[in-house]
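# Working through the structure, step by step
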Amino acid sequence: HITRAASVTRALELLQKRNFDLVITMRRLGEINPQKFAEQVKTVQDIPVVLLLNNSMELEYLPSRALQKGCIDRAFVWNGNSTVFVAIIKLLEDRMNVIPDTDAGDVRVIIVVEDSIRFYSLYLPTLYTEIMRQTQRLIHEGGNDYHSLLQMRSRPKILLADTYEQALADYEKYKDNLIGVITDIKFPRGGVLDEDAGYY
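Residues numbered from 1 in each chain as written. Predicted model: local features only at pLDDT ≥ 70, side-chain atom pairs only at ≥ 80, totals over all residues. Heavy atoms only, no water.

## Structural notes on the packing of aromatic side chains
For the coordinates displayed, the defined rule picks out 3 aromatic pairs. Centroid distance Phe119 to Tyr123: 6.1 Å. Interplanar angle 15 degrees. Geometry classified as stacked. Here Phe119 and its partner Tyr123 are both found in helix 4 (residues 117–141), 4 residues apart, which amounts to about one turn of the helix. Ring centres of Tyr164 and Tyr200 lie 6.3 Å apart, and the angle between their planes is 85 degrees; on these two criteria the pair is classed as edge-to-face. Separated by 36 residues along the polypeptide, Tyr164 in helix 6 (residues 164–174) and Tyr200 in the segment after strand 8 (192–194) bring together distant segments of the chain. Exposure remark for Tyr200: the relative accessible area of 56% places this residue in the exposed category. For the cation-ring pair, Arg189 lies above Tyr164, with the distance from its terminal atom to the ring centre recorded as 4.6 Å. (Phe/Tyr/Trp six-rings, centres within 6.5 Å; stacked < 30°, edge-to-face > 60°. Helix = DSSP H or I, 4+ residues; strand = E, 2+ residues; numbered from the N terminus. Buried < 20%, exposed > 50% of the residue type's maximum accessible area, 1.4 Å probe, protein only. Lys NZ or Arg CZ within 6 Å of the ring centre and 35° of its normal.)

This is how it looks when you write it as structure tokens:
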């Protein structure tokens, strides 16, 4: 279910009354900036907060501290593509479910290494769309509802890493379940932007 709040005040009221799994906020809130709003959300419920930007031009108004741990968990660029919402939800689900699904179900993993909000906002919706399409094709070929449910549950998990260290940690942890790595070349390594990080 999706619940819309027209103001920060209303959103916080709803969070105090009901449990939610995710908060998606825009950059222009009027009352406060999204970083402060994310901090307030997490004092009420410890849930992910995703910042959704209307287009790539808004990225220049996004300070780097906005994506620090404990504030905004991830930012995406919308650009009018509705499948970005599927990517947001599936990406968060995959990170939460990857350990039990790989341990119990031997589910496969794809690691995407990309630090650019603009580019992963384009890649991930396309990647998830293709994975879901192929999974649906398997379901149509399958037998009963139970097998269909198992096939949908066992689709590959996508893990997004935006630093060399995070990508390496994911690789070491899930290398026995790895389908492949889709990587950029230039991204942070050792706390600085490395032109050749993708080669290591």
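## A word on helix 1 (residues 8–17)
By the burial criterion, the buried members of helix 1 are Val8, Ala11, Leu12, Leu14 and Leu15. Angular distribution of buried residues about the axis of helix 1 spans 160 degrees; they occupy a single face of the element. Across from the buried face of helix 1, at angles greater than 90 degrees, the exposed residues are Gln16 and Lys17. Tucked inside the fold, the buried residues of helix 1 contact strand 1 (23–26) and helix 2 (34–44). (Arc of directions from axis to C-beta. Contact = heavy atoms within 4.5 Å.)

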